[in-house]
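Breakdown of the fold
In case you want the letters, here they are:
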Amino acid sequence: MDECRHIETPFSAEVARELQAGQRVLLTGAFYGARDQAHRRFAEVLAQGGELPVDLRGQLIYYVGPTPARPGHACGAAGPTTAGRMDAFTPQLLAYGVRGIIAKGDRSPGVIAAIRQYDAVYLAATGGAGALLSHCIKEARVAAFPDLGTEAVWRFIVEDFPATVAIDSWGRDLYQIGPAGYRSVQ
Amino acid sequence: MRELNTDLIAARVAALCQEANFGLPADVLTALAGAKEQEGSPTGRRILDELCANAGIAASERVPVCQDTGMVLAFVETGQDLHIVGGSLSEAINRGVAQGYRDGYLRKSVVVDPLHRVNTGDNTPAVIYYDIVPGDNFRIAIMPKGFGSENCTALGMLKPADGLAGVRQFVIAAVERAGANPCPPVVVGVGLGGTADKALLLAKRALLRPLGASNPDTDLAALESELKTAINALGIGPEGFGGQVTALAVQIEAFPTHIAGLPVAVNISCHALRHKTWVWNGEQD
């Protein structure tokens, strides 16, 4: 289970279905960054039947708010933020066509059900490893909502960005399965 | 009367904000290395390896350990015989925070008000606590606190009859409920006694104590050790993927309380427990 799979992003529903909870992946390609305020705006746009400022169908969304890049660096520290705050928005975005999420921390039953329903996947990057992960980001630019600063929508180009499959398209949840194996209390 | 100029304090705060964000304290690095020895889960060990590598990269490239460079807490101890000159101390601290976050390419994570959520643009204001102490020295500890862990804070106004068992249960439940969200392995700060607000502040201050230095009270030291074992038995593990190391330490601070109450507060820090202190004892620099 600890062997690594290299994946190009974005990827298809077929690839999403092959991923297994607990599996380690290295992502190369493009994905988008968005967190709290951007999600609120996405929800407003979708509720009014509008178009999102970037086409996120088939794409991965990384919940991140990077630090400013030092001169000569592509991106500042850019680790994942806690996913649970986006739980209210995620089913709607998966229904719209987002392929998957990269973040950290467990998800609500509603999100897990939506991941199963839409052949999506939830990948966890290592929380608090922002400096390490910044090395995998080759390009970072604001793609929408620049007024939101760090909370804007970002587009990243990454190389061998490490993540772990936390919830697979079958709804298997590493945050349940993993701790259960090490729990030693009544 | 000895004098300390706020310009020096602002400059020091700017440096402390950066140093705290770029480098984990030695005791935290030691605890992470120790956790690697203790962790039985291969995934957990890999995560701990990543965290140690991450700390190395952050220190050498002067990039933040974590992109959540936090809201700044400043714990000030100022001698009652010291004269602070050059304007408002609180303004100087905030000036230092703004400069440190700008110069250090740190993330500005503070919004003007909780409902409208417009960013202040310079990571101010800091949350500042003042203690007036005997003497004429000045001490300031800067702690950038990320909100992945801060959001997992818990306060319980227990009944005196709940006693030790109630406290134990409350703390363990708070860490279990937090699960993966505060980025385990965590440091668990516990505040016991006082009033509701005092208990929360004790829990926060407990995080500043050197890791592994038990509470001098033997009962509390025993409770710290017992809670750490119980929390690690939850199996949450590094990043919540399962494992034997969920808490690097449990640190308790206590204070007298009212006959009718048993406040207990839990304030969790992620593994990136960042803080930096400057002590001024009259030397010019």
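Residues numbered from 1 in each chain as written. Chains lettered and ligands numbered in written order. Predicted model: local features only at pLDDT ≥ 70, side-chain atom pairs only at ≥ 80, totals over all residues. Heavy atoms only, no water.

Another aspect to go through is a nonpolar patch on the surface. All names here are of chain B. A cluster of nonpolar side chains, contributed by Leu-155, Met-157 and Leu-200, occupies part of the molecular surface with about 250 Å² of accessible area. Tracing the backbone shows Met-157 in strand E6 (residues 154-158). Classification of Met-157 as exposed rests on a relative accessible area of 52%. (Patch = residues over 30% accessible without salt bridge, like charges linked within 9 Å, V, L, I, M, F, W, Y side chains within 5 Å. Areas by Shrake-Rupley, 256 points an atom, 1.4 Å probe, with all protein chains shown as cover. Salt bridge = Lys/Arg side-chain N within 4 Å of Asp/Glu carboxyl O. Helix = DSSP H or I, 4+ residues; strand = E, 2+ residues; numbered from the N terminus. Buried < 20%, exposed > 50% of the residue type's maximum accessible area, 1.4 Å probe, protein only.)

Before going further, it helps to spend a moment on the domain arrangement of chain B. Residues and elements named next belong to chain B. Under the domain assignment used here, chain B contains domain 1 (3-21 + 65-146 + 274-280) and domain 2 (148-269). Domain 1 and domain 2 are separated by 26 Å when their C-alpha centres are compared. Contact residues are listed per partner, giving nine residues for domain 1 and eleven residues for domain 2. The junction of domain 1 with domain 2 conceals about 850 Å² of combined surface from both sides, 64% of it contributed by carbon and sulfur atoms. Of all residues in domain 1, Phe-75, Met-143 and Lys-145 give up the largest surface area on contact with domain 2, accounting jointly for 52% of the area buried on that side. Across the contact surface, domain 1 and domain 2 share two salt bridges. (Domains from an automatic or database assignment. Contact = heavy atoms within 4.5 Å. Buried area = accessible area lost by both parts, 1.4 Å probe.)

Residue and element names in this part refer to chain B. Strand order in the open sheet formed by four strands is E6-E9-E7-E8, and the pairing between neighbours is mixed. Each edge of the open sheet carries a strand with a single partner, namely E6 and strand E8 (247-257). Strand after strand, the sheet turns through a mean of 15° between neighbouring axes, direction not considered. Here six bridges tie strand E7 (residues 186-194) to strand E9 (residues 262-269), and the two strands are oriented antiparallel to one another. Looking across to E9, one finds that Val-190 is bridged to Val-266. Relative to E8, helix H8 (residues 218-232) is tilted by about 140°, and along the sheet it contacts E7 and E8. (Pairing = 2+ DSSP bridges. Axes fitted to C-alpha atoms, helices over the stretch in contact; angles between N-to-C directions.)

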